[in-house]
Amino acid sequence: MESTVETPMPMETDKASVPVVKEETIAQPDSAAVEIKEEPSAAKPAAEEKPTTKRKRQEDKSPAKKPAPKKTNNKRRIGSSSSDSSSSSSSDSSDSSSSDSSSSSSSDSSDSDSDDDKPIAKRKKAEPKKTPTKKTPTKKTPAKKKSEPTPKKEAAKKTPKKEPVKAAKESTPKKRSVKKEDGEAGTETPVKKKRGKQEEEEEQYKWWLESDKEDDSVKWTSLEHNGVLFPPAYEPHGVQLIYDGKPVKLPAEAEEMATYFSQYLETDHMKKPQFKKNFFKAFKDILSEKDKNNKISKFDLCDFSLIQKHLKDKKEERKNRTKEEKDKEKLEKEMITKKYGWAIVDGHKQKVGNYLVEPPGLFLGRGDHPKAGIPKRRLMPEDVTLNLSEGAKVPECPIAGHEWGGIVHNNNVGWLATWKDSIKPEAIKYVWLGANSRVKGKSDIKKFSTAQNLKKHIKEIRETYTKEMKDEDDKIKQRATALWIIDHLALRAGNEKDDESADTVGCCSLRVEHIKYYNVVKVDKQVFKNLKHFQKGKEPSDELFDQLSTNYVNAHLKGMMEGLTAKVFRTYNASITLEKELANMKMTDDMSVEEKMIMYNRANREKSVAKGHDAQMGKLDTVIKELEEQKKKLQAHLKAVKKGKIPEQPDEETEDGKKKKKMPDDPAKIEKQISLIDERIAKTEHKKTEKDDLKTVSLTTSKINYIDPRISVAWAKANDVPIDRIFNKTLRAKFPWAMDVDADWRF
């Protein structure tokens, strides 16, 4: 993760929303980049040149030179992920340093003079045999090897030395080639200019092929980055609030808060009383602090429509920007990304996930969160702690007059920066490396490999908890039942939550009120029997598994298999199910790629996600059915009442033992109840449609989080399906380690 932060709609200001930063990049290590500097074509005869270096002596042996076309840029950076050749301010000095540090590399373009004597002497003996017969450059030199009894070591040195001379004579410099970094002499590949240098670096750094002997707890040995970016300061717009029909000029701090609130006037957040209550309390507090004479006391008398109109106007103005304005903003964003979007990890350039600290705004929360609507304060550098390697340059604080809150050197963690949440201080937020970084990639591999290992233990684990579901000890019986739910229904273990957290639950935090029988999920008979037993004598708000805790369940899981958690079951079940479904698909050689993709998506949709999705849809269908039955009863009751025949209604109890309310005898009240039921049916139908639309979103979520990507890659290779038909560019970058598996790989 990158840090997950809730980002409200960007504040509109008179200035560009993106701060301008100086062009500043992290210094590249010598091993991360090698510069090949092409020698310009010789303007003087060879006799006038000093025959002291290998380069010059080779030119004496070359055929007569033609004037080379004038070039404006004669440098090429190999292996750097920087998108701009100007990212290093000391390119001249890096030539010499890079040649020293990589003198043993086959792609080196300039060697030191200390080892010149012997190779040069050997080349002089071969000079009489060279004839300038060809004017076009050739990439292979088999004829020379046959005619000259030159050792392989000598040939390896000669080829890269002659290449820059040939490149200088070519009329089409775009075909210039460089030698592969595989150490094999004479093997060359053309450099594709269309590919960005960043992509080239990322492809070349295949960290997953490195030997993994180091301590798994050590995430890096060296780490450099440029810190984090802070949102621009708020600039007051001067638009007034209308209170009780009169305009009121707000202090800047109160205006900023009112502007955040105005962004949500036409959203569902306005339907949440707690959201409005929390906002207005904070709004009054800041008004009292900044303007003691203000008379704003009632929320219902506040009219934010003028501020809302201002925001809409600014949004429309932004849509109508000129091409020049858009290009300028794009360039500014690129400069920001160039500075903050990259880190140097163990000598390799890696993307940073989200380098922007959490901006101020209103906290939204999930569901009916008790803190929804509370303003998130603006974070400053003093709130942020940076993680760097010892000896690394500490980034300059981006806000004048401020300092970083702290600098740590902890290579057992993968985060770059951290701060405390302004709403819930015990919660910590982080800035992580990007999803395609080595640190994140290793974490993904470990997650899927642990799920793969569960395949060896799953039979024994299931046999154990099935047997323990009949145990006389209620704690063991609860634990076994909870494991069945975790395994088959993909619930998380669940964490204990305080009163100020959203009401979301996991297995251990299930309450009696959450257990309802809808007959849409097939449940083991013993599980159903146990659930009934655990509910006896409890109130709806009581915990179902009152003898379990998350820590207790997790400790038990780790005792069954190293690294086993509740999440591993979900990853295992999703992965193994997809692999089995793909294996059962009847594929033929005459199928088109489109037909194969239909089969793949069907397997993914119907098995990997459908179980949970169909359960939700079935639950909604049951709700609709119950409402329609209730409506029929009311309609029949209304018909009887209108005829003057009031039917007798027996006393009935609900599932929790409470008495059911009897239907009214007043026709108007009965009709009102029927109308309310119609509204509930309509809302449930809408929710059902919405759930069905979100099915595709669930597919993507499964593909990212729960299903081992190697399964899909192996299937695609075995069936000649392009990888990009299954994984988009973002996912291919997130799982580069999975793209190398063979077609016969199995989970």
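It should be emphasised that the depicted structure is a prediction, and the values quoted were computed from it without experimental measurement. (Residues numbered from 1 in each chain as written. Predicted model: local features only at pLDDT ≥ 70, side-chain atom pairs only at ≥ 80, totals over all residues. Heavy atoms only, no water.)

**Examining the overall build of the chain**
- Secondary structure summary: the chain contains 20 helices and 16 strands in total.
- Scored against the burial criterion, the 747 residues of the chain give a buried share of 39%.
- Of the roughly 44,100 Å² that the chain leaves accessible, carbon and sulfur atoms contribute 50%. (Helix = DSSP H or I, 4+ residues; strand = E, 2+ residues; numbered from the N terminus. Buried < 20%, exposed > 50% of the residue type's maximum accessible area, 1.4 Å probe, protein only. Areas by Shrake-Rupley, 256 points an atom, 1.4 Å probe, with all protein chains shown as cover.)

**Some remarks on the UniProt feature "active site" (unreviewed entry) in the chain**
- Taking the UniProt record as the reference, the feature "active site" (unreviewed entry) is found at Tyr706.
- Discounting chain neighbours no more than four positions away, the residues touching tyrosine 706 are Phe448, Arg570, Thr571, Ala574, Ser575 and Thr701. (UniProt positions renumbered as here; feature names shortened; annotations may be inferred. Contact = heavy atoms within 4.5 Å.)

**Thoughts on unusual backbone geometry**
- Here the phi dihedral of aspartate 244 falls at roughly 55°; this positive angle occurs in a residue that is not glycine.
- Relative to the assigned elements, aspartate 244 resides in the loop between strand 6 (241-243) and strand 7 (246-248).
- Overall, the relative accessible area of 51% leaves aspartate 244 in the exposed class.
- Here aspartate 346, not a glycine, exhibits a phi torsion of approximately 50°, which is positive.
- The residue aspartate 346 is located in the loop between strand 9 (342-345) and strand 10 (348-351) in this model.
- Taking the relative accessible area as the measure of exposure, aspartate 346 reaches 21% and is therefore partly exposed.

**Considerations on the side chain of arginine 479**
- With respect to the helices and strands, arginine 479 occurs in helix 12 (residues 474-489).
- Overall, arginine 479 belongs to the buried group, its relative accessible area being 10%.
- A polar side-chain atom of arginine 479 sits 3.0 Å from a polar atom in the side chain of tyrosine 552.
- The residues contacting arginine 479, other than those within four sequence positions of it, are Glu468, Leu548, Tyr552 and His556. (Polar contact = N/O pair within 3.5 Å; in protein donor to acceptor, adjacent residues only side chain to side chain.)

**Observations regarding the state of the cysteines**
- All chains considered together, the criterion is met by zero disulfides.
- Here cysteine 508 stays free of any disulfide, with the sulfur of cysteine 507 as its closest cysteine sulfur at 5.4 Å.
- When its relative accessible area of 6% is taken as the criterion, cysteine 508 is described as buried. (Disulfide = S-S within 2.5 Å.)

**A short note on the nonpolar core**
- In this structure, Leu454, Phe545, Leu564 and Phe569 are the most contacted members of the largest nonpolar core, which totals 61 residues.
- Looking at this core, the elements with two or more residues in it are helix 11 (438-468), helix 12, helix 13 (525-535), helix 14 (550-560), helix 15 (566-584), helix 16 (593-642) and helix 19 (709-718).
- The leading source of residues in this core is helix 15, at eight residues.
- Taken domain by domain, this core gets at least three of its residues from each of domain 3 (443-578) and domain 4 (585-645 + 663-738).
- Formed by 25 residues, the second largest nonpolar core is a distinct cluster that contains Leu241, Leu250, Ala282 and Ile286. (Core = buried A, V, L, I, M, F, W, Y, C linked by side-chain atoms within 4.5 Å. Domains from an automatic or database assignment.)

**Side note on the packing of aromatic side chains**
- Tallied over the full model, the rule gives 21 aromatic pairs.
- Connected via pairs of aromatic rings, a cluster forms that spans Phe261, Tyr264, Phe275, Phe279, Phe280, Phe283, Phe299 and Phe304.
- The lysine or arginine in question, lysine 349, covers the ring of tryptophan 342, its NZ or CZ lying 5.4 Å from the ring centre. (Phe/Tyr/Trp six-rings, centres within 6.5 Å; stacked < 30°, edge-to-face > 60°. Lys NZ or Arg CZ within 6 Å of the ring centre and 35° of its normal.)

**Some remarks on the environment of alanine 451**
- Mapping alanine 451 onto the fold places it in helix 11.
- Between the alpha carbons of alanine 451 and tyrosine 572 there is a distance of 4.8 Å; along the sequence they are 121 residues apart.

**A word on the sheet that holds strand 9**
- Strand order across the open sheet formed by three strands is 5-9-10, with antiparallel pairing between neighbours. Of all strands in the sheet, those bounded by a partner on one side alone are strand 5 (223-225) and strand 10. For this sheet, the mean angle separating the axes of adjacent strands, direction not counted, is 30°.
- Pairing analysis gives three bridges linking strand 5 to strand 9, with the strands arranged antiparallel. (Pairing = 2+ DSSP bridges. Axes fitted to C-alpha atoms, helices over the stretch in contact; angles between N-to-C directions.)

**Description of the packing of helix 7 (residues 252-262) against helix 8 (residues 273-290)**
- Between helix 7 and helix 8, the shortest axis-to-axis distance is 9 Å and the interhelical angle comes to 165°. Comparing their axes, helix 8 and helix 7 come out roughly antiparallel. Here helix 7 and helix 8 pass one another in a crossing that is left-handed. The residues of helix 8 that touch helix 7, namely those facing Glu253, Ala254, Met257, Ala258 and Phe261, are Phe275, Lys276, Phe279, Ala282, Phe283, Ile286, Leu287 and Lys290. (Parallel < 35°, antiparallel > 145°, perpendicular 65-115°, else oblique. Left-handed = near helix turned anticlockwise from the far one by under 90°.)

**Some details on helix 10 (residues 323-340)**
- Taking 1.5 Å as the rise per residue, helix 10 with 18 residues should run 26 Å; its terminal C-alpha atoms sit 26 Å apart, in good agreement.
- Turning to helix 10, its buried residues number three or more, namely Glu329, Glu332, Ile336, Lys338, Lys339 and Tyr340.
- Tucked inside the fold, the buried residues of helix 10 contact helix 9 (305-319) and strand 9. (Expected span 1.5 Å × (residues − 1).)

**Quick notes on the pairing of strand 15 (residues 415-420)**
- For strand 15, a buried count of five out of six residues is recorded, marking the element as mostly surrounded by other parts of the structure.
- Examined bridge by bridge, strand 13 (residues 385-387) and strand 15 share two bridges and lie antiparallel to one another. Bridge pairing in strand 15 places leucine 386 opposite alanine 417.
- Strand direction decides the pairing type here: strand 15 and strand 16 (residues 428-432), joined by five bridges, are antiparallel. Its bridge partner being in strand 16, tryptophan 419 is matched across the sheet by lysine 429.

**Some remarks on the sheet that holds strand 14 (residues 406-408)**
- With mixed pairing, the four strands of this open sheet are ordered in space as 14-13-15-16. Pairing within the sheet leaves two strands with one partner each, and these edge strands are strand 14 and strand 16. Taking each pair of neighbouring strands and ignoring which way they run, the sheet shows an average axis angle of 20°.

**Here we look at the pairing of strand 10**
- As paired strands, strand 9 and strand 10 are joined by four bridges and run antiparallel to one another. Its bridge partner being in strand 10, isoleucine 344 is matched across the sheet by lysine 349.
- Where strand 9 folds back on strand 10, the antiparallel hairpin that results is connected by two residues, among which aspartate 346 adopts a positive phi of roughly 50°.

**A closer look at helix 11**
- For helix 11, built from 31 residues, the straight-helix expectation of 45 Å at 1.5 Å per residue is met to within 8% by its first-to-last C-alpha distance of 41 Å.
- The axis of helix 11 is deflected most strongly, by about 60°, at histidine 457. (Bend = angle between axes of the 7 residues up to and from the residue.)

**With respect to the packing of helix 11 against helix 12**
- Look at helix 11 against helix 12: their axes get within 8 Å of each other, and the N-to-C directions meet at 135°. Taken together, the axes of helix 11 and helix 12 are oblique relative to one another. Two packed elements cross with a definite hand, and for helix 11 against helix 12 that hand is left-handed. Where helix 11 approaches helix 12, its residues Ile458, Arg462, Tyr465 and Glu468 are matched on the opposing element by Ile476, Lys477, Arg479, Ala480, Leu483, Trp484, Asp487 and His488.

**Some remarks on the environment of lysine 326**
- Take lysine 326: it is sitting in helix 10.
- A residue is classified by how much of its surface remains accessible, and lysine 326, at 38% relative accessible area, is partly exposed.

**Some remarks on the pattern of salt bridges**
- As enumerated under the stated definition, the model contains 27 salt bridges in all.
- We note a salt bridge from glutamate 256 to arginine 378, for which the minimum N-O separation is 3.1 Å. One end of the pair, glutamate 256, is in helix 7; the other, arginine 378, is in the loop between strand 12 (375-376) and strand 13, with 122 residues separating them in the sequence.
- Residue glutamate 256 is classed as buried on the basis of its relative accessible area, which comes to 14%.
- For glutamate 329, the salt bridge goes to lysine 333, with nearest N and O atoms at 3.5 Å. Of this pair, glutamate 329 and lysine 333 both sit in helix 10, four residues apart, which is roughly one turn of the helix. (Salt bridge = Lys/Arg side-chain N within 4 Å of Asp/Glu carboxyl O.)

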